[in-house]
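Chain by chain, the residues:
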Amino acid sequence: MSGLQINEELYNYTLHYSKRRSLAIQVKAGKVIVRAPLTLPKTKITDFLQQKQQWILNKIQSTARLTTPCWLAEKRIPLFETILQLDIQQGRKSSVQQHQDRLIVTISSRVNSERVNLVQQQLIINWYKQQALDWFTIRVQYWQQLLKVQATEIIIGGWSSKWGYCRSDGRLGFNWRLLMAPTWVADYVALHEVCHLRYLNHSSQYWQLVRKHCADIEQAKQWLKDNQHKLVI
Ligand SMILES: [Zn+2]
């Protein structure tokens, strides 16, 4: 571990030497990793880090935020524009039920106490996936009627690197985390993928088609960029 001083604060970083040509800084979950070529003197590394300190600080702050999802700890979870109150209880069988603005999660009393948190998270994710399938099915139906296209299947996933996809065989995929975003943002993703059933690319014709039906493309993309770290439980 080596230390890097930024604005009176000392940040530790791990230095890895390897057979590489250039210096690289990586910030993961609030931790700094520096990768350096074998022969590079330490002073060069320190200079480089000093130059990049603002970037490093921003990254530490944004990735640290990314690792602290607080929804479950605060016993509430978002569903589009609503925040549901989370009620956790024990029962005979594990289940999840929504009653207006409450989400009642029942965990089977047979679940080992060490596994309760894990089971609770899995139950909630499964509930989100089911909600996502219902919601995206309706929105895809709406957009495909309007655009005269037809999806073959809707798949819900929890990928960390994409919000949705469209395959050449007509399968559409959507990320359940979009149910934690505002409706207009999730609906932009639905439209985005349905438009790919017409054009399987990001050509100007494609964007023209999306723009014809959605005026907030840029705002929706920006919203996802700015808020993606909050869409985790
Ligand atoms: Zn696309």
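Anything mentioned here points back to the structure above.
I will try to describe carefully the structure that is included in this document.

1. Re the packing of helix 4 (residues 183–196) against helix 6 (residues 217–227)
Two elements in contact, helix 4 and helix 6, have axes whose closest approach is 9 Å; the angle formed by their N-to-C orientations is 110°. In this view, helix 4 runs roughly perpendicular relative to helix 6, as classed from their interaxial angle. On helix 6, the residues that touch W184, V185, Y188 and V189 of helix 4 are I217, Q219, A220, K221, W223 and L224.

2. Some details on the packing of helix 3 (residues 116–147) against helix 4
Where helix 3 meets helix 4, the closest approach of the two axes is 9 Å, and the angle between their N-to-C directions is 50°. Relative to helix 4, the element helix 3 lies oblique. Note that helix 3 runs across helix 4; the crossing there is right-handed. Between helix 3, through W135, F136, R139, V140, W143, Q144 and L147, and helix 4, the contact on the second element is made entirely by T183, A186, D187, A190, L191, V194 and C195. Here the contact of helix 3 with helix 4 is built from residues that sort into ten nonpolar, two polar and two charged.

3. Some points on the environment of P78
Structurally, P78 is set in strand 5 (residues 76–79). The exposure class assigned to P78 is buried, which follows from its relative accessible area of 4%. Separated by 102 residues in sequence, P78 and M180 place their C-alpha atoms 5.3 Å apart. P78 has contacts with W71, I83, Y128, L179 and M180, leaving out every residue within four places of it along the chain.

4. A word on the packing of aromatic side chains
Within this structure, the stated rule accounts for eight aromatic pairs. Consider the rings of F80 and W135, whose centres lie 4.9 Å apart with planes at 50°: the pair is tilted. Taken together, the residues F80 in the loop between strand 5 and strand 6 (82–91) and W135 in helix 3 connect sequence positions 55 residues apart. You can call F80 buried: its relative accessible area is 16%. Aromatic side chains Y142 and W143 sit 4.9 Å apart centroid to centroid with 80° between the ring planes, which places their arrangement in the edge-to-face category. Pairwise contacts between aromatic rings join F80, W135, F136 and F174 into one cluster.

5. Structural notes on the sheet that holds strand 6
Reading across from one edge, 5-6-8-7 is the order of the four strands in this open sheet, with mixed pairing throughout. Both edges of this open sheet fall to strand 5 and strand 7 (95–99), since each of them pairs with a single strand only. Going across the sheet, the axis of each strand differs from the next one's by a mean of 30°, ignoring polarity. Strand direction decides the pairing type here: strand 7 and strand 8 (residues 102–108), joined by five bridges, are antiparallel. Its bridge partner lying in strand 8, S95 is registered against T106. Sheet contacts for helix 3: strand 5, strand 6, strand 7 and strand 8; angle to strand 8, the most-contacted strand, approximately 130°.

What counts, and at which threshold
Every residue gets a number counted from 1 within its own chain, in the order that chain's sequence is written. Only residues with pLDDT of at least 70 are given local features in this predicted model, and only at 80 or more are side-chain atom pairs given and counted; all residues enter the totals for whole chains, interfaces and linings. Only hydrogens and water are set aside when side-chain values are computed; all heavy atoms of the structure are taken into account. Lines fitted to the C-alpha atoms define the axes, with helices restricted to the stretch that makes contact. Angles between their N-to-C directions range from 0 to 180 degrees. Secondary structure elements follow DSSP: runs of H or I no shorter than four residues count as helices, runs of E no shorter than two count as strands, and numbering proceeds from the N terminus. Each angle is binned into one of four classes, with values under 35 degrees roughly parallel, values over 145 roughly antiparallel, values of 65 to 115 roughly perpendicular, and all other values oblique. In what follows, residue pairs with any heavy atoms lying within 4.5 Å of each other are defined as contacts. Each crossing gets its handedness from the near helix: less than a right angle anticlockwise from the far helix is left-handed, clockwise is right-handed. Under the convention adopted here, Pro, Cys and the residues Ala, Val, Leu, Ile, Met, Phe, Trp and Tyr are nonpolar, Asp, Glu, Lys and Arg are charged, and Gly plus all remaining residues are polar. Note on classification: 1.4 Å probe, protein chains only; a residue is buried when its accessible area is under 20% of the maximum for its type, exposed when over 50%, partly exposed between these limits. What counts as a ring pair is set by centres within 6.5 Å for rings of Phe, Tyr and Trp (its six-membered ring), and what kind of pair is set by the plane angle: stacked under 30 degrees, edge-to-face over 60, tilted for all other angles. When DSSP finds two or more bridges between a pair of strands, those strands are recorded as paired.

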